[in-house]
Amino acid sequence: MERLAFNYFTKGLADSTRRTYSSAQNGYLMFCRDAALQPLPASESTLCYFVATLARDNLKHSSIKAYLSAVRFLHIAEGFSDPFLPSLQRLQYTLRGIKRCEAEKGDNKKERLPVDPTILRLVRRVWDEKSSDPDNQMLWAACCIGFFGFLRAGEFTVPSDSSFDPEAHLCYSDIAVDNSARPQVIRITIKQSKTDPFRKRVDLFLGRTSVYRCGVHRDLHAACAAYGNCG
């Protein structure tokens, strides 16, 4: 019965969140071991020391808060009460100080421009230099599908070969067209997304246009043909 309850408890987190938490929890436990501190239950001082060390190692304020969420989940999973209740004022001031110091250093993050038709045209110009390369055709098709389908990268890409899951990731069989010779409409089945954690799946339909930046362009057909045995 205990194992059954714990199984449902762990299902309270998405798989991706559970993996992220696991990495952060291992980092926290290693920190406590190296600093000879008691990890569970954590004192406010231990948490302050932990976040200060993360900041020293150049982790951003937003990432540090994610680490603390993982520590909170670890406490609850081990049967301890929420370590942040009642509010830990010293920890909050420490986090505020980290955020302020981060702002004073300036934002060193690379600017992420929104992908608009102008940027899409520039990308296409680079890939046109090697238009016969099937990788370029595949990447251009992916860009068009992502652009016109308003997709997040994780909804139609795979992090690595080892993490590919045919039950979750996009496969060749998830793409269908109304006419294989000259498709006018393409249907893409998205198996999972941030707004579909239970994998109910959703079908996206993209229509052909006469412009070069088209999700149902001949390049998409060529890319599918070149990678027909993928997935």
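## Section: the pairing of strand E2 (residues 185–190)
No. 1: Where strand E1 (residues 175–177) and E2 come together, 3 bridges link them in antiparallel fashion. Within E2, the position partnered with Ala176 by the bridge is Arg187.

## Focus on helix H7 (residues 134–148)
The α-helix advances 3.6 residues per turn, and as a result positions three or four apart in sequence lie on the same side.
No. 1: In this model H7 runs 21 Å from its N-terminal to its C-terminal C-alpha over 15 residues, within 8% of the 21 Å that 1.5 Å per residue would give.
No. 2: Of all the positions in H7, only Asn136, Gln137, Trp140, Ala141, Ala142, Cys144, Ile145 and Gly146 are classed as buried.
No. 3: Once H7 ends, the next one or two residues include Phe150, with phi positive near 50°.

## What about the packing of helix H2 (residues 15–34) against helix H4 (residues 61–77)?
No. 1: Running from N to C, H2 and H4 cross one another at 85°; their axes reach a closest spacing of 8 Å. With respect to their mutual orientation, H2 and H4 come out roughly perpendicular. On H4, the residues that touch Tyr21, Ala24, Gln25, Tyr28 and Leu29 of H2 are Ala66, Tyr67, Ser69, Ala70, Val71, Phe73, Leu74 and His75.
No. 2: Taken together, the residues that form the contact of H2 with H4 break down as 10 nonpolar, 3 polar and no charged.

## Looking at the nonpolar core
No. 1: Of all hydrophobic cores here, the largest spans 18 residues; its most connected members are Tyr28, Leu47, Val51, Leu68 and Leu91.
No. 2: Of all the secondary structure elements, the ones that give two or more residues to this core are H2, helix H3 (44–56), H4 and helix H5 (89–105).
No. 3: Examining the composition of this core, we find that 5 residues originate from one element, H3, more than from any other.
No. 4: Each residue touching Tyr28, except ones within four places of it in the same chain, is listed here: Gln38, Pro39, Ala42, Thr46, Leu47, Phe50, Val71, Leu74 and His75.
No. 5: Ranked by size, the runner-up nonpolar core spans 8 residues in total, among them Ala142, Ile145, Ile190 and Leu206.

## Digging into unusual backbone geometry
No. 1: Cis geometry marks the peptide bond from Leu40 to Pro41, where omega comes out at -15°.
No. 2: Relative to the helices and strands, Pro41 resides in the loop between H2 and H3.
No. 3: Cis geometry marks the peptide bond from Leu85 to Pro86; its omega dihedral reads -5°.
No. 4: Note that Pro86 resides in the loop between H4 and H5.
No. 5: Positive phi is not limited to glycine here, since Asn58 has a value of about 70°.
No. 6: Take Asn58: it is sitting in the loop between H3 and H4.
No. 7: Assessed through its relative accessible area of 61%, Asn58 is described here as exposed.
No. 8: Positive phi values are uncommon outside glycine, yet Arg201 reaches one of about 75°.
No. 9: Within the element layout of this structure, Arg201 appears in the loop between E2 and strand E3 (202–207).
No. 10: A relative accessible area of 41% means that Arg201 is categorised as partly exposed.

So, how was this worked out
- For every chain, the first residue of the written sequence is number 1, and numbering continues from 1 along that sequence.
- Reporting in this predicted model follows two pLDDT cut-offs: at least 70 for local features of residues, and 80 or more for side-chain atom pairs to be given and counted; totals over whole chains, interfaces and linings ignore these cut-offs and use all residues.
- Derived side-chain values reflect all non-hydrogen atoms in the structure, with water molecules and hydrogen atoms excluded from consideration.
- Only strands that DSSP links by at least two bridges are regarded as paired with each other.
- The secondary structure listing takes helices from DSSP runs of H or I that are at least 4 residues long and strands from runs of E that are at least 2 residues long, numbered from the N terminus.
- Every helix has an expected span of 1.5 Å times one less than the residues it contains.
- Burial status follows relative accessibility: with a 1.4 Å probe on protein chains alone, a residue under 20% of its type maximum counts as buried, one over 50% as exposed, and anything between as partly exposed.
- Axis definition: a line fitted to C-alpha atoms, over the contacting stretch in the case of helices. Angles run 0 to 180 degrees between N-to-C directions.
- Any angle between 65 and 115 degrees counts as roughly perpendicular, while under 35 counts as roughly parallel, over 145 as roughly antiparallel, and the rest as oblique.
- The contact definition used throughout considers only heavy atoms, calling two residues in contact when any of these lie within 4.5 Å.
- Polar here means any residue other than Ala, Val, Leu, Ile, Met, Phe, Trp, Tyr, Cys and Pro, which are nonpolar, and Asp, Glu, Lys and Arg, which are charged; Gly is therefore polar.
- Side-chain atoms within 4.5 Å are what join buried Ala, Val, Leu, Ile, Met, Phe, Trp, Tyr and Cys residues into a set we call a nonpolar core.

Everything listed here is a matter of geometry and, on its own, says nothing about what the molecule does.
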